[in-house]
Amino acid sequence: MPVELPERVDRLRPAEVPADGILEGPRLLSRLHENDRSHAYEMFTLCPLGPLIGAEITGVDLRRPLTAELREELNRALLEWKVLFFRDQDITAAQQRAFARNWGPLETNPFLPSGDSDEVTRFARGAGMPGFENIWHTDVTWRPEPALGSVLRLVEVPPLGGDTLWADMAAAYDNLPADVRERIDGLRAVHDFVPGFARFADHDLLARWQDRFPPVEHPVVRTHPETGRKTLFVNQAFTTHITGLDRDESDRLLRLLFAQAHVPEYQVRFSWRPNSVAFWDNRATQHYAVNDYHPHARVAERVAIAGDRPF
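The rules behind the values
Residues numbered from 1 in each chain as written. Predicted model: local features only at pLDDT ≥ 70, side-chain atom pairs only at ≥ 80, totals over all residues. Heavy atoms only, no water. UniProt positions renumbered as here; feature names shortened; annotations may be inferred. Helix = DSSP H or I, 4+ residues; strand = E, 2+ residues; numbered from the N terminus. Buried < 20%, exposed > 50% of the residue type's maximum accessible area, 1.4 Å probe, protein only. Contact = heavy atoms within 4.5 Å. Phe/Tyr/Trp six-rings, centres within 6.5 Å; stacked < 30°, edge-to-face > 60°. Lys NZ or Arg CZ within 6 Å of the ring centre and 35° of its normal. Salt bridge = Lys/Arg side-chain N within 4 Å of Asp/Glu carboxyl O.

- Where an unreviewed UniProt entry is consulted, the protein appears under the name TauD/TfdA family dioxygenase, with the organism given as Amycolatopsis thermalba.
- Turning to the protein, the UniProt record has this under Sequence similarities (unreviewed entry): "Belongs to the TfdA dioxygenase family."

Right, here's the structure in full:
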């Protein structure tokens, strides 16, 4: 004899993706491509900061040149954990650049102040200049070939606050409903530097650079060139619309995709101390600099490694 369910059960919402694109329940948290396996690291100690993304490396002195073997093992750790953290690294900007060059030539950024060279971007925040990096974003996606990765060190750390978060955008893609993944595979989106910099950069400077850096198209889902994983590749700072969709449909879909970076299971949060360094894979992550330290100073210097054209 069938059991009659109480009326209140009928009022539960259906198990489908809600309007904000976030559904509670278990999530697939895989660090690696389905065909890859994790292996022990022999040249340093790796301590995960969570099950999915972020690991602290000890036993590496960033003041010293890397051997080919050490560079290869660090790259393997980067691909597996997406962002690597190093503590107690009293390095100069020149040593920071030398470390980053192990992964390729360095970029310059025409819109942000420089440090001791054009290859060093300096973020000096404090009472007179609050931070504008507290938005989930992937660096320089307005370039035809966005950065491979970045190396960031804090020159001055506030007494409290100023953490940075990273989100694994391969996990974000993996956990989208199948019909959403099917819908976005093959779509392309437009990225533009102007919206991301318009709130704080000089208007004349932005206008001068629009011809050199026109809007570019990238796939909504890129394939990581080293791991082969599919990665969600739109971000709120620089992605303006999806090609071929009307504005309302594009905005609705982008809101759903932007929301995926906000899921804590995909994130790691790092609390800075003096002489801490972070190295992240810009092809696989988004990041967010928490702006909770005002009016204290927070000074950071970043070098970015030139990347390739997303596919």
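Back to the text.
**Some points on the environment of F213**
Step number 1: You can see F213 is positioned in the loop between α7 (203-209) and β8 (216-219).
Step number 2: Overall, the relative accessible area of 9% leaves F213 in the buried class.
Step number 3: Once the C-alpha coordinates of F213 and D192 are considered, the two residues, 21 residues apart in sequence, prove to be 8.1 Å apart.
Step number 4: In this structure, F213 is in contact with P110, F111, W142, R143 and F193, ignoring residues within four places of it in sequence.

**Side note on the packing of aromatic side chains**
Step number 1: Taken as a whole and judged by the stated rule, the model has 14 aromatic pairs.
Step number 2: Note on W142 and F193: the rings are 5.9 Å apart at their centroids and 65 degrees apart in plane angle, and the pair reads as edge-to-face. Residue W142 is found in the loop between β4 (121-125) and β5 (149-156), and its partner F193 is found in helix α6 (residues 193-197); the two are separated by 51 residues along the sequence. You'll find W142 and F193 in the same group, each marked buried.
Step number 3: These aromatic residues form a ring-pair network of at least three members: F85, W166, F270, W272 and W280.
Step number 4: The aromatic ring of F233 is capped on one face by R222, whose charged end is 4.9 Å from the ring centroid.

**Remarks on the pattern of salt bridges**
If the charged atoms of two oppositely charged side chains come close together, the side chains can form a pair.
Step number 1: With the rule as written, the count across this model stands at 25 salt bridges.
Step number 2: A salt bridge links D168 to K82; the nearest nitrogen and oxygen atoms lie 3.3 Å apart. Of this pair, D168 sits in strand β6 (residues 164-168) while K82 sits in the loop between α2 (68-81) and β3 (83-86), placing them 86 residues apart in sequence. Here the two residues D168 and K82 agree in accessibility, since each one is buried.

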